[in-house]
Amino acid sequence: MMATLISDLQLSVSIWAWPLVALAVVIAQIVFQNSRLSFLISILGLGANLIYSLWCFDLAPVQALFFGAVIFDSLTQFLNVLALFIALGCLFISSPGMFSQDNFFRVHYEQYSEFLVCLILSGFGAVVAFSANDLTCFFLGVETLAIGTYCLCGFFRTEIRSSESALKYLFIGGFSTVVLLYGIAFIYGSTGFTRFDEISRVIAAGDKPLVLMAVLFTMAGLAFKLALVPFHIYTPDVYEGAPTAVTAYLATMVKLAAVGISLRIFWSCFGAVSEVWIPFWTSLCVASIIFGNIAALQQKSLKKLLAFSSVSHAGFLGLGLLLADPSRGIGFALFSYLAIYSGMSLGVFAIVALLEDRSKVFMLEDLKGLGLAKPLYGIALAILVLGLAGIPPLAGFMIKFWIFQQLVEQSYFAVAILAALGSIVGVAYYLKILMYLFMSGDSDWGLATRWSVLRDQIFSVRSLILAAVLLSLIGGLKPDFYAHWILTTFALK
Amino acid sequence: MVDVSIAQLLFVSFAIFSIGAGGFLIRKNAISLLICLELMLNAVNIAFVSFSRLHNNESGTVLYFFVITVAACETAVGLAIVLNLFRLKKNIRIQEANALRG
């Protein structure tokens, strides 16, 4: 028994290295009281974990570790790599505040180590949640992720907007957790097991009375986490008020975790009753694509617009999940969508974080003339926004194209047509951003404040934006580049 | 000792859950909302324990302990956030948390 435990620990290094990094940050903060050192430790720790996970990427058959509580298959490893990329990206986005002389940032960045610890630990929660093979482990992971993000939202604690966004996220998140937990209780009640493989065996074996309740409650809880219409009501407010690095985190890491756990729950547990949940789930996703895009059209605030855009992208992720039926093939469309979408959103939020003035809401009009005053940022933002819109030569087009192709192949024709109409509506507001960017007019971008000039110098954010732009370009022009890797990862499953 | 059937236990659980959910939707005070969340979590706990008895295994009871612990953490974080907002605004009525409206 001891020997299996040790070999399990050896296999799952890339999972438990997360809290180890957080622990190192805590100790460094106690000993040295230096937030720059803490930042360096977290970047190096997560970076080392990333390199290790990529190097040891193991395509061996599925392995259940820790007496079956955790499953370490290629899906876990792929999502873990993606989660590490996202966590590093969000750390980079949050880093410029460390160098600010501004009083607002100085006060808050004294507690920067706490921010780092919350971010890394909630990332660990995400990894535990999507690698879980047991309801207990799954629930603990989801909650670790959620409680960390509540704290992160309220990081600017002297600011009313940030505190209110934390409050709203706390209540909506808490409610969704309870709903999800009631679903878990019904899963356990109808089967008598907490292990996913046993649950799916029992559900496949016969008609269970409580399965419908279990499916509905679990689905509602997961739709809250993924922010699908009509469970998206909190997104505009929370995304607007949270620090921009945290907004990026909510739009990428939380969605990544939600997709990962939905994949496990729906296909591993409820695979046998797919005819029960597919109609509900499809209508949620289509509603998100259509209403998310229509609501985004009316937004005047940039971060609210991006929030609704993320709702519509969540709809596409949900459709990708629908297509990821393990018995029919691989969820190639889903995984490429997840990777490319996360990269592009991180890039967009990095630019927003560089340009925003925390004392007021970032309106669309504030972008006026940016493309002419600072052409490099203008072009970068234009490429990323066109990528999110799904304009042909960019990666954003390829990922949508694959989703549509798979939808047609699996004969969801009506869904494909509605989703296409929704995303055409979406192009309008992305073009509105472009219009503001390159519209000449009275803008004060020429007279940029000292703070934003200073932020311009910060290497980490600029390299993140460059990486996102390159991903968007290369991913569109040479899709084989990553398609091959994803295909080989999951073909062996 | 009175024998309680699983249906009765589930009814109690569902009733408490509904009371909590109803309170969550109509109450305006942040502390009341936290209490309602706690009520719903305890309703779920009743369901876990009664299912555990129904199936005659311990998994549900173990889950119940985890739920209690996590609920305590969540309430602690929630109280901290509510307290912080109270320091800034001098009240904790939810309908006045409207700085993000627009």
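Look above for the structure.
Just so it is clear, the structure is predicted and the values come from calculations on it, not from any experiment.

Engineer: Honestly, the overall build of chain B in this entry has me stumped. Any pointers?
Structural biologist: When you go through chain B residue by residue, the secondary structure sums to 3 helices and 0 strands. When its helices and strands are written in sequence order, chain B yields α-α-α. In terms of overall size, chain B is more extended than a compact globule, its C-alpha atoms giving a radius of gyration of 17 Å where 102 residues would be expected to give roughly 13 Å. A principal-axis box enclosing the C-alpha atoms of chain B has dimensions of 50 × 30 × 25 Å. Scored against the burial criterion, the 102 residues of chain B give a buried share of 39%. Look at the contacts in chain B between residues 6 or more apart in sequence, and 56% of them connect residues 24 or more apart. With 8 positive and 5 negative side-chain charges, chain B shows a separation of 19 Å between the mean positions of the two kinds.

Engineer: What is the right way to read the environment of Asn-34 of chain A from this model?
Structural biologist: Residues and elements named next belong to chain A. Turning to its location among the elements, Asn-34 is positioned in the loop between α2 (13-32) and α3 (35-55). Overall, the relative accessible area of 34% leaves Asn-34 in the partly exposed class. Between the C-alpha atoms of Asn-34 and Ser-113, which are 79 residues apart in sequence, the distance is 8.4 Å.

Engineer: In this structure, what is going on with a nonpolar patch on the surface? I would like to understand it.
Structural biologist: Residues and elements named next belong to chain A. A cluster of nonpolar residues, Leu-9, Trp-16, Leu-20, Leu-23, Val-26, Ile-27, Ile-30, Val-31 and Phe-32, forms a patch on the protein surface that exposes about 840 Å² of accessible area. Counting residues per element, the nonpolar patch draws most heavily on α2, which supplies 8 residues. Among the secondary structure elements, Val-26 is positioned in helix α2. With relative accessibility at 33%, the residue Val-26 sits in the partly exposed group.

Engineer: I would appreciate a short explanation of the packing of helix α13 (residues 274-297) of chain A against helix α14 (residues 302-323) of chain A in the present structure.
Structural biologist: Residue and element names in this part refer to chain A. In contact at an axis separation of 8 Å, α13 and α14 are set at 155 degrees when each is read in the N-to-C sense. As far as their axial angle goes, α14 and α13 are roughly antiparallel. α14 is crossed by α13, and the crossing has left-handed handedness. Counting all contacts with α13, which are made through Trp-277, Ile-278, Trp-281, Thr-282, Cys-285, Ser-288, Ile-289, Gly-292, Asn-293, Ala-295 and Ala-296, the residues of α14 involved are Leu-305, Phe-308, Ser-309, Val-311, Ser-312, Gly-315, Phe-316, Gly-318, Leu-319, Leu-321 and Leu-322. Residues belonging to the contact of α13 with α14 are distributed by class as follows: 14 nonpolar, 8 polar and no charged.

Engineer: Explanation requested: the interface of chain B and chain A in the structure shown.
Structural biologist: The parts lose accessible area when they come together, and the size of an interface is often stated as this lost area. Chain B puts 43 residues into the contact, and the matching count from chain A is 42 residues. Counting the surface lost from both chain B and chain A, the interface buries some 3700 Å², and carbon and sulfur atoms represent 79% of this. The interface formed by chain B and chain A contains 1 salt bridge. Here Lys-89 of chain B and Glu-164 of chain A are joined by a salt bridge, their closest N and O atoms 2.9 Å apart. Linking chain B with chain A are 9 residue pairs in polar contact (both at pLDDT 80 or more).

Conventions and cut-offs
Residues numbered from 1 in each chain as written. Chains lettered and ligands numbered in written order. Predicted model: local features only at pLDDT ≥ 70, side-chain atom pairs only at ≥ 80, totals over all residues. Heavy atoms only, no water. Helix = DSSP H or I, 4+ residues; strand = E, 2+ residues; numbered from the N terminus. Rg over C-alpha atoms; globule rule 2.2 N^0.38 Å. Buried < 20%, exposed > 50% of the residue type's maximum accessible area, 1.4 Å probe, protein only. Contact = heavy atoms within 4.5 Å. Lys, Arg positive; Asp, Glu negative; His and termini not counted. Charge placed at Lys NZ, Arg CZ, Asp CG, Glu CD. Patch = residues over 30% accessible without salt bridge, like charges linked within 9 Å, V, L, I, M, F, W, Y side chains within 5 Å. Areas by Shrake-Rupley, 256 points an atom, 1.4 Å probe, with all protein chains shown as cover. Salt bridge = Lys/Arg side-chain N within 4 Å of Asp/Glu carboxyl O. Axes fitted to C-alpha atoms, helices over the stretch in contact; angles between N-to-C directions. Parallel < 35°, antiparallel > 145°, perpendicular 65-115°, else oblique. Left-handed = near helix turned anticlockwise from the far one by under 90°. Nonpolar A, V, L, I, M, F, W, Y, C, P; charged D, E, K, R; others polar. Buried area = accessible area lost by both parts, 1.4 Å probe. Polar contact = N/O pair within 3.5 Å; in protein donor to acceptor, adjacent residues only side chain to side chain.

So, to be careful, I would describe these as geometric facts and stop short of saying anything about function.
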